[in-house]
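Chains, contacts and geometry: an overview
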Amino acid sequence: MLKIAIQKSGRLHDESINLLKQCGLKVNTGLDQLKAEVIGFPAELLYLRNSDIPQYVADGVCDIAILGENTIIEKNKGLRIHEKLGFSKCRLSIAVPKSNREYDSVLSLQGKKIATSYPYTLQQYLDQHNVKADIHLISGSVEIAPNIGLADAICDLVSSGSTLFKNGLEEKDIILKSEACLVSRETLTDEHTVLLDQLLFRIRSTISAAQFKYILMNVPNENLQKVSDILPVLKSPTVLPLMEEGWSSLHSVIAENDFWGVINQLKECGAEGILVIPIEKMVI
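What comes next is a walk through the structure.

Considerations on the nonpolar core
The biggest cluster of nonpolar side chains holds 29 residues, and the ones touching the most others in it are L45 and L85. Residue assignment for this core shows that the elements contributing at least two residues are β1 (2–7), α1 (11–22), β3 (35–39), β4 (43–48), β5 (64–68), β12 (180–184) and α6 (190–211). Of all the elements, α6 adds the most residues to this core, at 6 residues. Those residues in contact with L45, other than ones at most four positions away along the chain, are I4, I6, I17, L20, V27, L34, K35, A36 and V38. Among the nonpolar cores identified, the runner-up in size contains 16 residues, and Y103, L109, L122 and L176 belong to it.

Looking at the environment of G68
For G68, the position within the fold is in strand β5. As for G68 and E179, which are separated by 111 residues in sequence, their C-alpha atoms are 5.4 Å apart. The residues contacting G68, other than those within four sequence positions of it, are L12, S178, E179 and A180.

As for the packing of aromatic side chains
Inspection of the entire model under this criterion finds 1 aromatic pair. With a centroid separation of 4.9 Å and 70 degrees between ring planes, the pair formed by F259 and W260 is classed as edge-to-face. Overall, the relative accessible area of 12% leaves F259 in the buried class. Relative accessible area serves as the criterion here: at 67%, W260 is assigned to the exposed category.

Looking at the environment of V253
Inspection of the secondary structure assignment puts V253 in strand β15 (residues 247–255). A residue is classified by how much of its surface remains accessible, and V253, at 14% relative accessible area, is buried. Residues V253 and T238, 15 residues apart in the sequence, show an inter-C-alpha distance of 9.9 Å.

A look at the sheet that holds β15
Strand order in this open sheet of 4 strands is β14-β15-β13-β16, and the pairing throughout is antiparallel. Edge positions in the open sheet fall to β14 (238–241) and β16 (272–278), since each of these has one partner strand only. Going across the sheet, the axis of each strand differs from the next one's by a mean of 20 degrees, ignoring polarity. Pairing of strand β13 (residues 212–220) with β15 involves 9 bridges; the strand directions are antiparallel. Note that in β15 the partner of M217 across the bridge is L250. In the packing of α6 onto the sheet, the strands contacted are β13 and β15, and the crossing angle to β13 comes to about 45 degrees. The strands that helix α8 (residues 259–268) touches are β13, β15 and β16; relative to β16, the one it contacts most, it runs at about 160 degrees.

Some details on the pairing of strand β10 (residues 153–158)
Counting buried residues in β10 gives 5 out of 6 residues, a clear majority hidden from the surface. Sheet analysis places strand β7 (residues 90–97) next to β10, joined by 5 bridges and oriented antiparallel. Within the sheet, the bridge partner assigned to S93 lies in β10 and is D156. Pairing analysis gives 3 bridges linking strand β8 (residues 113–116) to β10, with the strands arranged parallel. Directly across from T116, in β10, lies its bridge partner C155.

What about the sheet that holds β3?
With mixed pairing, the 7 strands of this open sheet are ordered in space as β2-β3-β4-β1-β5-β12-β6. Of all strands in the sheet, those bounded by a partner on one side alone are β2 (26–27) and β6 (80–84). Pairing of β1 with β4 involves 6 bridges; the strand directions are parallel. Residue pairing for β4: I4 is matched across the bridge by L45. Along the sheet, α1 makes contact with β1, β2, β4, β5 and β12, crossing β1 at roughly 140 degrees.

Here's the deal with the pattern of salt bridges
This model, assessed by the stated rule, comprises 9 salt bridges. Between K172 and E170 there is a salt bridge; the shortest N-O distance is 3.7 Å. Exposure remark for K172: the relative accessible area of 32% places this residue in the partly exposed category. Judged by relative accessible area, E170 falls into the partly exposed class, the value being 31%. K281 is the salt-bridge partner of E280, the closest N and O atoms lying 3.5 Å from each other.

So, the pairing of β14
By the bridge criterion, 4 bridges tie β14 to β15 in an arrangement that is antiparallel. Across the sheet, T238 pairs through a bridge with H251, a residue of β15. Connecting the antiparallel pair β14 and β15 is a turn made up of 5 residues, with G246 showing a positive phi of about 90 degrees.

The rules we used
- Residues numbered from 1 in each chain as written.
- Predicted model: local features only at pLDDT ≥ 70, side-chain atom pairs only at ≥ 80, totals over all residues.
- Heavy atoms only, no water.
- Core = buried A, V, L, I, M, F, W, Y, C linked by side-chain atoms within 4.5 Å.
- Buried < 20%, exposed > 50% of the residue type's maximum accessible area, 1.4 Å probe, protein only.
- Helix = DSSP H or I, 4+ residues; strand = E, 2+ residues; numbered from the N terminus.
- Contact = heavy atoms within 4.5 Å.
- Phe/Tyr/Trp six-rings, centres within 6.5 Å; stacked < 30°, edge-to-face > 60°.
- Pairing = 2+ DSSP bridges.
- Axes fitted to C-alpha atoms, helices over the stretch in contact; angles between N-to-C directions.
- Salt bridge = Lys/Arg side-chain N within 4 Å of Asp/Glu carboxyl O.

Written out as structure tokens, the structure reads:
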């Protein structure tokens, strides 16, 4: 049985549950439930406070966890990142009041007060730049600190930047970029390693599918090679003859970000009836 820890509530919780469901793990959840049975995989979920999860994984209470990279670094428990999951993206940044016209770089924080919920990560960043500042630890509502005279700057997570804007702050330096990761402690039993590898296989297949689309189109036979050369495929496109002589249906896979870049090239080669379809899973 693989014990998987995820955030008890919040955005990271919802996206973690969604990923696990896409991987075939059916989760029986209930109101205020702290542990849940998993159907479709030998595992159970533990719903824990985000800040507590690194310690639980390090102590062996949980085998693996889905955590933000910012929390992994801040807690510094020696956890191993197996896979970056591509959701809950944000950045840990230094921000100062918009009225501060003297800020040129992190060196401007020499001798200043900085409010943060990430003292370890901030201290590492300051040490890298030989900056000595007074770090003021705040567990929440960090962005209000400059407005009440508690700090000259803040170091906090930024997603859209709307919270900074509402509080008259301006993002200056990005300390790290973060996203959700699947982590474990450095050593697992052989049995848990096997289960982890199986889960990683499912996760990677699901993540790959989200990045690609299935594409099919009708192409004049004389242009099949040209179209095939345009499309970045896994190995080779599938070509099926149409009832109309001189035409074939070409099927392939394309990265979603590449589609709009090549659509005009496909049309110039005579491609018609182009369809782009989501892929649920992709095993490479």
